[in-house]
Amino acid sequence: MSLIDLRSDTVTRPTPGMRQAMSQAEVGDDVYGEDPSVRALEEDVAARLGKAAALFVPSGTMGNQLALMSQTRRGDEVVVGRQAHLAWYESGAGAALSGVQFVVAGDRGWFDAGELTQAIKPVAYHLPRTSLVALENTHNASGGRVFPRAAVEAVAETARKHGLALHLDGARLWHAAAATGLSPSALCEPFDTVSVCFSKGLGAPVGSALVGPTDLIVACRRLRKMLGGGMRQAGILAVAASYALRHHLERLAEDHERARSLAEVLASAPGVRLDPSCVETNIVVFELAHEGAASERDGTASERAARFVRLARERGVLVSQLSATQLRVVTHLDVSAEQVTRAGQILSDALREVAT
Ligand SMILES: Cc1ncc(COP(=O)(O)O)c(C=O)c1O
């Protein structure tokens, strides 16, 4: 039985066209700065995102952590939204590598200027120095939500007023652009640094980039080497990313439509907490609810969630469990419209079964 893998958009495999392009990549030693395909990708990405320079890195995690390492000092505090990837899901790297701590603004993943102001510490020697604000657009854990444009602008203005640097985790910036109609460079304009991924919705096997001012990117090239992220004939990977930018951007809207229609099917199953109108891109996060006393409710809902994941797998659909009761499905390049429809049927049947 072939599985329909909806756990993440990172599970895609390179297409035949991408593999063909990779097989013909011009390469050199990128640690010597001699890989023409990496250089071409970095120039293209810097231009697309409206920044002076770009650095090709192995992962989104490394892009984010280089942004922290280069723009903070040990003991600083970094403001993030709830469940920000760079604070929650990067193995404590911010503390381990940069020596920073995090403060959370707001409670929905995105935050407004008032919530940022509350999170910024007053200047006093016994308090941590707030030095950086990091936004995530789209925001993964809240279900691929787009950080509202007016909030981005107001947050950036407040951050500037306080002299703070601004980083954007744009792992799925491409999805935010497809959902809003804004260009990637317009979405990046308020930020000093932006990390973007090629290995998620765009379907490349490996690779991300960090963009920003030239001097900062030069410093990050050194830090990348320090972390073991200097790659030699990386052109084979850079060509896959360039191919993805040429061929896979346009189709992201399809993934968004499929996610929305899947959400509508799931929301109509009993015991599911999900508002399909909140599904703006390719990620659907939903919760299994249960009426009753709080302790019994949580226990029962988490048992149902685990049973649901098991049933779905047995019937050929893989979903992610984010927490005891929170589940996630993601549409991407490797699932067709027909597979998404079939998965919707399998998942809603399984939801009905675990509800009883
Ligand atoms: C929002 C966000 N940022 C960063 C990352 C990290 O990317 P990587 O897995 O390439 O390290 C992810 C990965 O899923 C993500 O969702």
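Note that this is a predicted model, so its numbers are computed, not measured.

Definitions and cut-offs
- The residue numbers shown here count from 1 along each chain, following its written sequence.
- Note on the predicted model: pLDDT of at least 70 is required for a residue's local features to be given, and 80 or more for side-chain atom pairs to be given and counted; whole-chain, interface and lining totals, by contrast, use all residues.
- As a rule here, side-chain values cover all heavy atoms of the structure and leave hydrogens and water aside.
- Throughout this document, a residue counts as near a molecule or strand when at least one of its heavy atoms sits within 4 Å of that molecule or strand.
- Any pair of N or O atoms that falls within 3.5 Å is considered a polar contact. Within protein, one atom must be able to donate a hydrogen and the other to accept it, and sequence-neighbouring residues count only if both atoms are side-chain atoms.
- Elements are defined by DSSP. Helices are runs of H or I of four residues or more, strands are runs of E of two residues or more, and each kind is numbered from the N terminus.
- We call Asp, Glu, Lys and Arg charged. Ala, Val, Leu, Ile, Met, Phe, Trp, Tyr, Cys and Pro are nonpolar, and the rest, Gly among them, are polar.
- Pairing between strands is defined by DSSP: at least two bridges between them are needed.
- Interaxial angles span 0 to 180 degrees and are taken between N-to-C directions of axes, which are lines fitted to C-alpha atoms, for helices over the stretch in contact.
- Any two residues having at least one pair of non-hydrogen atoms within 4.5 Å are treated as being in contact.
- All domain edges in this entry derive from an automatic or database-based domain assignment.
- Computed with a 1.4 Å rolling probe, the buried area is the accessible surface lost when two parts are put together, summed over both parts.
- The salt bridge criterion pairs a side-chain nitrogen of Lys or Arg with a carboxyl oxygen of Asp or Glu, the two atoms within 4 Å.

Asker: Can you walk me through the site of the ligand in this structure?
Answerer: With respect to spatial proximity, the complete set of residues near the ligand consists of Ser59, Gly60, Thr61, Asn64, His85, Glu90, Glu136, Asn140, Asp169, Ala171, Arg172 and Lys200. In this structure, Asn140 approaches the ligand through a side-chain N or O atom, which is 2.9 Å from an oxygen atom. Measuring from an oxygen atom of the ligand, one finds a side-chain N or O atom of Lys200 at 2.9 Å. In terms of residue count, the dominant contributor to the shell around the ligand is helix α3 (residues 60–71) (3 residues). Of the residues in the shell around the ligand, the class split is 1 nonpolar, 6 polar and 5 charged.

Asker: So what exactly am I meant to see when it comes to the sheet that holds strand β8 (residues 208–212) here?
Answerer: The strands that make up a sheet pair up through hydrogen bonds in the backbone, lying either parallel or antiparallel. With respect to topology, 7 strands assemble into an open sheet ordered β2-β8-β7-β6-β5-β3-β4, the strand pairing being mixed. The sheet is open, and its two borders are formed by β2 (53–57) and β4 (101–104), each paired with just one other strand. Geometrically, the sheet is characterised by an average inter-axis angle of 20° between neighbouring strands, direction not taken into account. The pairing of strand β3 (residues 77–80) with β4 spans 4 bridges and is parallel. Bridge pairing links Glu77 to Gln101 in β4. Packing of helix α10 (residues 214–226) onto the sheet brings it into contact with β2, β7 (193–197) and β8, and relative to β2 it is tilted by some 20°.

Asker: For this particular structure, what's the right way to read the domain arrangement of the chain?
Answerer: Where interface size is quoted, it is often the accessible area lost as the parts come together. Assigned domains of the chain: these are domain 1 (14–247) and domain 2 (251–355). A separation of 29 Å is found between the C-alpha centroids of domain 1 and domain 2. Listed per partner, the contact involves 17 residues of domain 1 and 12 residues of domain 2. Both sides together, the interface formed by domain 1 and domain 2 hides about 1,300 Å², and carbon and sulfur atoms give 55% of it. Remark: the boundary between domain 1 and domain 2 carries 1 salt bridge. Between Glu280 and Arg145 there is a salt bridge whose closest N-O contact spans 2.7 Å. Broken down by class, the residue content of the side of domain 1 that touches domain 2 amounts to 6 nonpolar, 9 polar and 2 charged.

Asker: Could you clarify how one ought to interpret the environment of Glu26 in this entry?
Answerer: One can find Glu26 in the loop between α1 (16–23) and α2 (36–49). Sequence-wise, Glu26 and Ala238 are 212 residues apart; in three dimensions their C-alpha atoms are separated by 10.0 Å. Apart from residues lying up to four places away in sequence, Glu26 is in contact with Asp35, Pro36, Ser37 and Gly235.

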